[in-house]
Amino acid sequence: GERLLLGVERVLRGHRLLPLLKMHMAQLSQGGAAAADEELGVLGESTQRLLELMCSQRPGEAVAQDPGGWFGLVCLDIDSNLWDPEYSLDGLAARLGISARTAQRVLAEHGQNFSSCLRERRLSAAAARLKDASECRSIEAIAAESGFRDLSAFYRSFKRRYGANPGAWRRA
């Protein structure tokens, strides 16, 4: 894994999407038994698509030809940063080499906005961890690891989204 990453870095040095690729490759190498096969499959496919875009002679055209191209990259970056409570639209835009307004427009084209998309993905990640029988961390730890700074906001959002508080969800 590490040798592959070094090789990719040499070939794609200076590419604006390299930081995003590095995050994905790190997640893949750490995945192992800790992540569900489905999660690793999605991450692998996303990483493959990202590499294809990066190696394309005209990545802007490749993304433009793929209706979900920018949306996929935006979602990929969001999924890679769910845990970061300081994650922002500006950071996402900087990593993808686009403006924050362009990122907002990409999400709006799919009926979403940055805040709601981030919250939904964080809630989904927390819900999956809560249902995982091998997961022994506390609800508070799972909320924090899913990027929620405020525990009461996590509980409110979780109950609104799933119709049950996190403890009841875990026991069900």
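Preceding this paragraph is the structure being described.
Before going into details, it helps to say that this report is about the structure given with it. As the structure is a computational prediction, the values presented were derived from the model and not from experiment.

1. A few points about the layout of surface pockets
The gaps of empty space that remain are located by a probe, the size of a water molecule, rolled over the atoms.
Then step 1. Taken as a whole, the second largest pocket holds about 230 Å³ of empty space.
Then step 2. Taken together, Pro 85, Tyr 87, Phe 114, Ser 115, Leu 118, Arg 119, Arg 122, Gly 147, Phe 148, Arg 149, Asp 150 and Ala 153 make up the full set of residues lining the second largest pocket.
Then step 3. Sort the elements by how many residues they give to the lining of the second largest pocket and helix 8 (residues 114-131) lands first, with 5 residues.
Then step 4. Classifying every residue of the lining of the second largest pocket by side-chain character gives 6 nonpolar, 2 polar and 4 charged.

2. Quick look at the environment of Phe 158
Then step 1. Inspection of the secondary structure puts Phe 158 in helix 10 (residues 151-162).
Then step 2. Along the sequence, Phe 158 and Arg 119 sit 39 residues apart, while their C-alpha atoms lie 9.7 Å from each other.
Then step 3. When neighbours within four sequence positions are excluded, Phe 158 is seen to be in contact with Leu 123, Ala 127, Leu 130, Gly 163, Ala 164, Asn 165, Pro 166 and Trp 169.

3. Observations regarding the pattern of salt bridges
Then step 1. Tallying each qualifying case throughout the model produces 7 salt bridges.
Then step 2. For Glu 145, the salt bridge is made with Arg 129, and the minimal N-O distance between the two is 3.7 Å. One end of the pair, Glu 145, is in helix 9 (residues 139-145); the other, Arg 129, is in helix 8, and 16 residues separate them in sequence.
Then step 3. Judged by its relative accessible area of 29%, Glu 145 falls in the partly exposed class.
Then step 4. Taken together, the salt bridges that share partners define one network made up of Arg 129, Arg 137 and Glu 145.

4. Details of the packing of aromatic side chains
Then step 1. According to the stated counting rule, one finds 7 aromatic pairs in the structure shown.
Then step 2. Arranged with centres 5.5 Å apart and planes meeting at 40°, the rings of Tyr 87 and Phe 114 form a pair that is tilted. Of the two residues, Tyr 87 sits in the loop between helix 5 (69-80) and helix 6 (89-96) while Phe 114 sits in helix 8, which places them 27 residues apart along the sequence. Each of the two residues, Tyr 87 as well as Phe 114, counts as buried.
Then step 3. Here a set of aromatic residues connected by ring pairs shows up, and it is made of Phe 148, Phe 154, Tyr 155, Phe 158, Tyr 162 and Trp 169.

Procedures and definitions
- Residues numbered from 1 in each chain as written.
- Predicted model: local features only at pLDDT ≥ 70, side-chain atom pairs only at ≥ 80, totals over all residues.
- Heavy atoms only, no water.
- 1 Å grid on protein atoms, 1.4 Å probe; cavity = no way out; pocket = protein on both sides within 12 Å on 5 of 7 lines; lining within 4 Å.
- Points joined across faces, edges and corners; volume = space filled by probe spheres on them.
- Helix = DSSP H or I, 4+ residues; strand = E, 2+ residues; numbered from the N terminus.
- Nonpolar A, V, L, I, M, F, W, Y, C, P; charged D, E, K, R; others polar.
- Contact = heavy atoms within 4.5 Å.
- Salt bridge = Lys/Arg side-chain N within 4 Å of Asp/Glu carboxyl O.
- Buried < 20%, exposed > 50% of the residue type's maximum accessible area, 1.4 Å probe, protein only.
- Phe/Tyr/Trp six-rings, centres within 6.5 Å; stacked < 30°, edge-to-face > 60°.

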